[in-house]
Amino acid sequence: MPDQTIAPDALPPGIAAKKPTGVETLKQGSEGLRGRLAEELAEGGVQVSEDAYNLLKFHGSYEQFDRDTATVLKQQRLEKDYRFMVRVRMPGGMLTAAQYLGLDRLADTHGNGTLRITTRQGIQFHGILKAALKPSIAAINDTLLTTLSACGDVVRNIMTTAAPHRDARHRRLRQDALMLSDALLPRSRAYHQIFLDEEPVAGADETETLYGPTYLPRKFKIALAIPEDNSADVLANDLAAIALFDADDTLLGYNIAIGGGFGMTHNRADTFPRLASPLCFVAPDRLLPIVRAVVRLHRDHGDRTDRRRARLKYVVADRGLPWVLDTLSADYDGPLEPPRPMPPLHIPEILGWHTQGDGLWWLGVPVPAGRIQDTATVTLRTALRELAERFGADMVMTAQQDVLLCDIRPEDRDAIDMVLAAHGVVAASALSTFARFALACPALPTCGLALAEAERVREPIVASLESLLRRHDLQDRRISLRITGCPNGCARSYSGDIGLVGRTPGHYAIYVGGDFDGQGLSFRLLERVPQAKLVDAFAPLFEAWATRGLPDEGFGAFCTRLGRDALLEFVEGEESPEALPHRSASRLDPAKGSPLETSP
Ligand code: SRM
Ligand code: SF4
């Protein structure tokens, strides 16, 4: 099938008659994502139109406003403080020291003085004014990085294992992540012309051979991993590729799983988090062809009438895997071999000092909620700048929102530790496992969708739950916490051991039952718990885990084994009435994704 064909049965049965969303019409008429963006950026003012807002995403930026000041400004009849978030696309989270230093400078010249490591190994700037948007994006390109396709209805930043082991396996993953990233970029030159002043070339072929004129119905996410390192949390992606090697480190091929994704809307039962389902095994040279075929499947069958249900996961859930396999077989050029058995996925410890295998070392530095900044007590941003300048340390951003400093000579280790200590940076070894693996999305004040705080309450929530765990000496068991300000799941709140999901200001739904290694989906235990009562909810749960958990049983697995009703028996005795769960809350639904088949 040629790449550009839009299949006539693009919509699942029952919704074929609905109209495509306005974003679809916008994309279609945008002349390759141009619209009036260039004119609007030149016009001055602090805001952009709705059309420009939607097109800007494809170029890596979101218009936001400072939600902290919005109410006061409104009372004073003043305009909101509009700012832009800019996201850097950097496959596998890799940056040279020079690139990092370029981004660090930009945080001061145009940003809010911080760099924010994202859960997809990217870096975001917040607080950019409209007038500074074009120079900021140009400055990022000056470092040979891009923001193109960091957001929007296209394939997003490609993730892979962060650990900079200098062996054949990790080298291959990095190469394939870079190869996919390049191959899946849109062909429109709009970005280069709008932000980098590239002159249009007469007759240039900008045909979107993969995406077509309306691009994808929604974002599309890809991550690569090996079973022994799932730090990229592959099953949360639209497409997961898990590399299988033989004993000699020769790549046998990839197990492909599709249809993962976490966004959901409270009170809309037809939206739900889902783990990717095993699809097939492909030989090494068939990775790009299968990825393209799955992207086309999304392009042609995703629901373009409802953006909340437009992700590939709903195609897979609604139509079922047999239909998916049939449809793909008609498009993909070659046989679809069943997925091969593989060991269970595992998330290793990558913070602290590790040997790379080439005589050099890497140091994983914890970055709370991924926010690289200087505070009154910890000058992490200054420390990282100094390390990049003095030691030329290349960096890798991790899906756990931390940074790895790479290629360190053994003789430099002490000096590096001293720099970090002098800046008050807490070493990974001084943190509990629980604190090391706690994630939080940005939420307030920048995210327009936040219903509650996340990044700004991470520290007190981690401290209070950690002290509960300490009562039972559980703080160093492998247990993960993920906090998000709304149900979209940006910090992957539905696959760790514990998810706290913003419900209303100061209130969180509690999810449990996922697992540390990203192979399980959690279920909602409590619907709306005030932040101050989280401790009351978790105290009996941790006590039950300590006293009734099986040897080496993770907290998520323990919760899944006992089930929601039994867990509620522990909690309810301690609950305040306002924290009582809605009994109708959903359980884990097997239709919503299952872990990959694994062999022991
Ligand atoms: Fe996300 C929307 C931040 C990873 C699911 N996400 C947003 C926006 C852009 C809010 C908006 O649409 O206005 C957030 C910007 C906040 C801010 O102030 O910066 C935002 N998402 C983030 C980041 C920065 C969170 C973080 O703590 O690092 C992550 C950026 C990753 C990157 O570099 O590309 C981020 N977002 C994720 C993930 C995790 C992942 O991909 O591994 C998910 C869950 C997986 C998935 O895609 O389903 C995720 N973000 C969403 C959704 C739900 C989409 C859906 O299918 O319904 C939205 C809402 C939307 O797109 O409409 C969203
Ligand atoms: Fe915003 Fe919600 Fe994503 Fe948090 S989870 S960054 S609140 S969209």
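The notes below deal with the structure included here.

Rules behind the numbers
One numbering rule holds for all chains: residues counted from 1, following each sequence as written. Both sets of labels track the order of writing: A upward for chains, 1 upward for ligands. A pLDDT threshold of at least 70 governs which residues receive local features in this predicted model, and a stricter bar of 80 or more applies before side-chain atom pairs are shown or counted, although totals over entire chains, interfaces and linings include all residues. Side-chain measures were taken over the full set of non-hydrogen atoms in the model, leaving aside hydrogen atoms and water. One heavy atom within 4 Å of a molecule or strand is enough for the residue carrying it to be called near that molecule or strand. Pairing of N or O atoms within 3.5 Å defines a polar contact, subject to two protein rules: one partner must be a possible hydrogen donor and the other a possible acceptor, and residues neighboring in sequence count only if both atoms are side-chain atoms. A run of DSSP states H or I qualifies as a helix once it reaches four residues; a run of E qualifies as a strand once it reaches two. Both are numbered from the N-terminal end. Each residue gets one label: Ala, Val, Leu, Ile, Met, Phe, Trp, Tyr, Cys and Pro are nonpolar, Asp, Glu, Lys and Arg are charged, and the others, such as Gly, are polar. Cavities and pockets are found on a 1 Å grid laid over the protein atoms alone: a cavity is a set of points where a 1.4 Å probe fits but cannot escape, a pocket is an open set with protein on both sides within 12 Å along at least five of seven lines, and a lining residue has an atom within 4 Å of such a point. Grid points are joined across faces, edges and corners, and a volume is the space filled by probe spheres set on the points. Helices are assigned an expected span. That span is 1.5 Å times one less than the residue count. Working definition for bend: take the seven residues up to and ending at a residue and the seven starting at it, fit an axis to each, and measure the angle between the axes. Type-normalised accessible area, obtained with a 1.4 Å probe on protein chains alone, sets the label of each residue: buried when under 20%, exposed when over 50%, and partly exposed for intermediate values. In what follows, residue pairs with any heavy atoms lying within 4.5 Å of each other are defined as contacts. What is meant by a nonpolar core is a set of buried Ala, Val, Leu, Ile, Met, Phe, Trp, Tyr and Cys residues, joined one to another through side-chain atoms within 4.5 Å. Positive: Lys, Arg. Negative: Asp, Glu. His and the chain ends are not part of the count. Each reported salt bridge corresponds to a side-chain nitrogen of Lys or Arg within 4 Å of a carboxyl oxygen of Asp or Glu.

Notes on the site of ligand 1
Phase 1 of the analysis: Around ligand 1 sit 28 residues in total, of which Thr-118, Gln-124, Phe-262, Thr-446 and Cys-490 are the nearest.
Phase 2 of the analysis: Within the side chain of Arg-116, a nitrogen or oxygen atom sits 3.0 Å from an oxygen atom of ligand 1.
Phase 3 of the analysis: Contact between ligand 1 and Gln-124: an oxygen atom at 2.7 Å from a side-chain N or O atom of the residue.
Phase 4 of the analysis: Elements with a contribution of two residues or more to the shell around ligand 1: strand 1 (61-65), strand 2 (82-88) and strand 5 (123-128).
Phase 5 of the analysis: Here the shell around ligand 1 is built from residues that sort into 9 nonpolar, 11 polar and 8 charged.

Topic: the site of ligand 2
Phase 1 of the analysis: In the vicinity of ligand 2, the contacting residues are Cys-441, Pro-442, Ala-443, Cys-447, Leu-449, Ala-450, Thr-484, Gly-485, Cys-486, Asn-488, Gly-489 and Cys-490.
Phase 2 of the analysis: Of the residues belonging to the shell around ligand 2, the class tally is 8 nonpolar, 4 polar and no charged.

Things to note about the layout of surface pockets
In this approach the atoms are scanned with a rolling probe the size of a water molecule, which exposes any empty space left behind.
Phase 1 of the analysis: By volume, the second largest pocket is sized at about 690 Å³.
Phase 2 of the analysis: Around the second largest pocket sit 28 residues that line it, and Val-367, Pro-368, Ala-369, Arg-458 and Glu-459 are the ones nearest its centre.
Phase 3 of the analysis: Listed by contribution, the elements that provide at least two residues to the lining of the second largest pocket are helix 14 (433-436) and helix 15 (455-471).
Phase 4 of the analysis: With 7 residues, helix 15 is the largest single contributor of residues to the lining of the second largest pocket.
Phase 5 of the analysis: Partitioned by chemical class, the residues of the lining of the second largest pocket number 13 nonpolar, 7 polar and 8 charged.

Structural notes on helix 17 (residues 555-572)
Along an α-helix, residues three or four apart share an orientation, since each turn contains 3.6 residues.
Phase 1 of the analysis: Compared with the 26 Å implied by 1.5 Å per residue over 18 residues, the 19 Å span of helix 17 between its first and last C-alpha is markedly short.
Phase 2 of the analysis: Of all the bends in helix 17, the largest measures some 100 degrees and sits at Gly-563.
Phase 3 of the analysis: Buried residues of helix 17: Phe-555, Gly-556, Phe-558, Cys-559, Gly-563, Arg-564, Leu-567, Leu-568, Phe-570 and Val-571, and no others.
Phase 4 of the analysis: Each element contacted by the buried residues of helix 17 is listed here: strand 17 (498-504), strand 18 (507-512), strand 19 (523-530) and helix 16 (534-548).

Quick look at the nonpolar core
Phase 1 of the analysis: Judged by nonpolar contacts, the single largest core of 96 residues is most densely connected at Phe-125, Leu-184, Ile-222, Tyr-254, Ile-256 and Ile-258.
Phase 2 of the analysis: Residue contributions to this core peak at 8 residues, all from helix 9 (residues 287-301).
Phase 3 of the analysis: Discounting chain neighbours no more than four positions away, the residues touching Phe-125 are Phe-84, Met-85, Val-86, Val-88, Leu-103, Leu-106, Ala-107, Thr-114, Leu-115 and Ile-140.
Phase 4 of the analysis: Core analysis: the second largest hydrophobic core is formed by 47 residues, Leu-439, Ala-440, Leu-444 and Phe-555 among them.

Thoughts on the side chain of Arg-564
Phase 1 of the analysis: Inspection of the secondary structure assignment puts Arg-564 in helix 17.
Phase 2 of the analysis: Of the side chains bearing the opposite charge, Asp-565 lies closest to the buried Arg-564, which forms no salt bridge; the N-O distance is 4.6 Å.
Phase 3 of the analysis: From its side chain, Arg-564 meets the backbone oxygen of Arg-524 in a polar contact 2.9 Å long.

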